[in-house]
Amino acid sequence: MKRGFLELTHAELQSWCEAQGQPRFRADQIRRWIYEKRASSFQEMLDLPKALRDQLDTEFVLFRSNIVNHQVARDRTEKLLLEQVDQETIECVLMREPDRRTICISTQVGCAMGCVFCASGLMGLKRSLTRGEILEEILLLDRVLGIGERLTNIVVMGIGEPLANLTALLSALDEVTDSKGLGLSPRRITISTVGLPPKMRELAQTGKPFNLAVSLHAPLNDLRTQLVPINDRIGIDAVLAAADEYFEITGRRVTYEYVLLSGVNDQPEHADELGRLLEHRQAHVNLIPMNNVEILPYVEPTAPRTAEFVRRLEARGVVATVRKRKGADIDAACGQLRLKSELPIVK
Ligand code: SAH
């Protein structure tokens, strides 16, 4: 079987070019076609010798996934359902705002974390995505953009736990942040994690100023374990300590995500307790209204209740924002990806 071209690192591509009796700079030429000119085939790369293009075609496939569904929401959010070579599917999303184009990407097929309100974990983890598969999501969404439109931000908040697939993710992001790749600053990339302390430290050690978002969802261990089962083995203190280290090493203020579930973690005491945890930290709270998952019992609180939650956090000097919902009419909102394509009962 042909290899996925995007699995090759730049160094590997340079070596491959040399092995074909070609100068190493051919690797940069190929990258320019892929990242700048949004090529979708090797034959388009007209400044390469024909023999090299043919050799690329013989050995590699540039894009290996099939776009099996492409939906566009009323707010121009677009969602791709991508079928991988092993028939597994993942989703990724493009969101537009006047001054930004943000994409949300997946890192695994399914998820092992089992957060009780999230659709992605309902069927467990199938496998992690490879570097090439992650990069392919990014490049396919980049090709959805218009000629004058450029990608400005990436959030790694799709299906899966990014820090459980950190090596592949970082390898893909190397191409994204490289000036000869997409040239996007790590400051425009946010990695969201359930909170895996050793991996948070490893991420800090890369020396790249990625933004880190930690899915806290509860200020007390009992409640957090109920919502985020893996917390049983980790605990809030360890998550916060690793996040503090992340801030110290990278200088990037950590975001805490908190999905508001009516009657579960939205009480005034929860807000006060969360405020107490974060008031002496360089933190920002991103409240996410629960996005409906048809087979799950959780719903978002009323607007006044959400406003009260924000007010209580602000009373302690904690900056809090409520996440805007995007692409709701095509099930592109967070926590809903992939489910409908997999579970016949909610089709
Ligand atoms: N595994 C990573 C990325 C998950 S998705 C993490 O846990 O952070 C990004 C965010 O969406 C997480 O905070 C996740 O808890 C949240 N989320 C999951 N399901 C949701 C739902 N149904 N409604 C709102 N937010 C949800």
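Residues numbered from 1 in each chain as written. Predicted model: local features only at pLDDT ≥ 70, side-chain atom pairs only at ≥ 80, totals over all residues. Heavy atoms only, no water.

1. Overview of the pairing of strand β12 (residues 254–260)
For step 1, the next point in the chain: With seven of its seven residues buried, β12 lies for the most part within the structure.
For step 2, the next point in the chain: Every second residue of β12 is oriented toward a common face, with V254, Y256, Y258 and L260 on one face and T255, E257 and V259 on the other, all of them buried.
For step 3, the next point in the chain: Of the pairings in the sheet, the one linking strand β11 (residues 211–215) to β12 comprises three bridges and is parallel in character. Along β12, the bridge assignment pairs S215 with E257.
For step 4, the next point in the chain: Where β12 and strand β13 (residues 283–289) come together, seven bridges link them in parallel fashion. Opposite E257, over in β13, you have N286 as the bridge partner.
For step 5, the next point in the chain: You can see the chain leave β12, run along helix α10 (residues 268–278) and come back into β13, and the turn it takes is right-handed. (Buried < 20%, exposed > 50% of the residue type's maximum accessible area, 1.4 Å probe, protein only. Helix = DSSP H or I, 4+ residues; strand = E, 2+ residues; numbered from the N terminus. Pairing = 2+ DSSP bridges. Right-handed = clockwise from strand over helix to strand, strands pointing away.)

2. Overview of the domain arrangement of the protein chain
For step 1, the next point in the chain: Domain boundaries in the protein chain define domain 1 (3–61) and domain 2 (66–346).
For step 2, the next point in the chain: The gap between the C-alpha centroids of domain 1 and domain 2 is 33 Å.
For step 3, the next point in the chain: With 13 residues of domain 1 at the interface, the matching set in domain 2 holds 20 residues.
For step 4, the next point in the chain: Area buried by domain 1 at its contact with domain 2 is led by L6, Y35 and R38, which between them contribute 57% of it.
For step 5, the next point in the chain: Applying the counting criterion to the domain 1 and domain 2 interface returns 15 residue pairs in polar contact (both at pLDDT 80 or more).
For step 6, the next point in the chain: Looking at the side of domain 1 that touches domain 2 residue by residue, the class counts come to six nonpolar, two polar and five charged. (Domains from an automatic or database assignment. Contact = heavy atoms within 4.5 Å. Buried area = accessible area lost by both parts, 1.4 Å probe. Polar contact = N/O pair within 3.5 Å; in protein donor to acceptor, adjacent residues only side chain to side chain. Nonpolar A, V, L, I, M, F, W, Y, C, P; charged D, E, K, R; others polar.)

3. Looking at the packing of α10 against helix α11 (residues 303–315)
Two quantities define a packed helix pair, namely the angle between the axes and the distance from one axis to the other.
For step 1, the next point in the chain: Look at α10 against α11: their axes get within 8 Å of each other, and the N-to-C directions meet at 30°. Between α10 and α11, the interaxial angle falls into the category roughly parallel. Considering how the two elements wind past one another, α10 and α11 form a crossing that is right-handed. Residue-level contacts link P268, H270, A271, D272, L274 and G275 of α10 to R305, F309, R312 and L313 of α11.
For step 2, the next point in the chain: Grouping the constituent residues of the contact of α10 with α11 by class yields five nonpolar, two polar and three charged. (Axes fitted to C-alpha atoms, helices over the stretch in contact; angles between N-to-C directions. Parallel < 35°, antiparallel > 145°, perpendicular 65-115°, else oblique. Left-handed = near helix turned anticlockwise from the far one by under 90°.)

4. Observations concerning empty space enclosed by the protein
Gaps left between atoms are located by rolling a probe of water-molecule size over the structure's atoms.
For step 1, the next point in the chain: The final tally for this structure, using the stated rule, is two cavities of 30 Å³ or more.
For step 2, the next point in the chain: Put simply, the largest cavity is a space of about 90 Å³.
For step 3, the next point in the chain: Lining the largest cavity are F5, L6, L8, T9, H10, L13, R31, I34, Y35, R131, L135 and E175.
For step 4, the next point in the chain: Of all the elements in the fold, those that place two or more residues in the lining of the largest cavity are α1 (10–19), α2 (25–36) and α4 (131–142).
For step 5, the next point in the chain: With three residues, the top contributor of residues to the lining of the largest cavity is α2.
For step 6, the next point in the chain: Mapping the lining of the largest cavity onto the domain boundaries places at least three of its residues in each of domain 1 (3–61) and domain 2 (66–346).
For step 7, the next point in the chain: Estimates place the volume of the second largest cavity at around 40 Å³.
For step 8, the next point in the chain: Forming the walls of the second largest cavity are G4, F5, L6, E7, L62, R64, G132, E133 and E136.
For step 9, the next point in the chain: No other element matches the three residues that α4 contributes to the lining of the second largest cavity. (1 Å grid on protein atoms, 1.4 Å probe; cavity = no way out; pocket = protein on both sides within 12 Å on 5 of 7 lines; lining within 4 Å. Points joined across faces, edges and corners; volume = space filled by probe spheres on them.)

5. Quick notes on the site of the ligand
For step 1, the next point in the chain: Taken together, 21 residues lie near the ligand, and E161, S192, S215, H217 and N291 sit nearest.
For step 2, the next point in the chain: For the ligand, a nitrogen atom lies 3.0 Å from a polar atom in the side chain of E161.
For step 3, the next point in the chain: Backbone polar atom of N291 to a nitrogen atom of the ligand: 2.9 Å apart, as the coordinates give it.
For step 4, the next point in the chain: Calculation on the ligand without its partners gives an accessible area of 540 Å², and the protein chains cover 96% of this total.
For step 5, the next point in the chain: Put simply, the parts of the chain that give the shell around the ligand at least two residues each are β10 (189–193), β12 and β13.
For step 6, the next point in the chain: Of the residues assigned to the shell around the ligand, the class counts are eleven nonpolar, eight polar and two charged. (Near = heavy atom within 4 Å. Areas by Shrake-Rupley, 256 points an atom, 1.4 Å probe, with all protein chains shown as cover.)

6. A few points about the pairing of β10
For step 1, the next point in the chain: Counting buried positions along β10 gives five out of five residues, so the element sits mostly inside the fold.
For step 2, the next point in the chain: Here β10 shows no split at all, with I189, I191 and T193 on one side and T190 and S192 on the other all buried.
For step 3, the next point in the chain: Both β10 and β11 contribute to a ladder of four bridges, which runs parallel. Paired with S192 across the bridge in β11 is A213.
For step 4, the next point in the chain: Between β10 and its parallel partner β11, the chain crosses via helix α6 (residues 197–205), and the hand of that crossover is right-handed.

7. Observations regarding the packing of aromatic side chains
For step 1, the next point in the chain: Within the structure shown, the criterion is met by four aromatic pairs.
For step 2, the next point in the chain: Taking 5.5 Å as the distance between ring centres and 85° as the angle between the ring planes, the aromatic pair formed by F5 and F60 counts as edge-to-face. On the criterion of sequence distance, the pair formed by F5 in the loop between β1 (3–4) and α1 and F60 in strand β2 (residues 60–61) is long-range, its members being 55 residues apart.
For step 3, the next point in the chain: F5 sits in the buried class, given a relative accessible area of 5%. (Phe/Tyr/Trp six-rings, centres within 6.5 Å; stacked < 30°, edge-to-face > 60°.)

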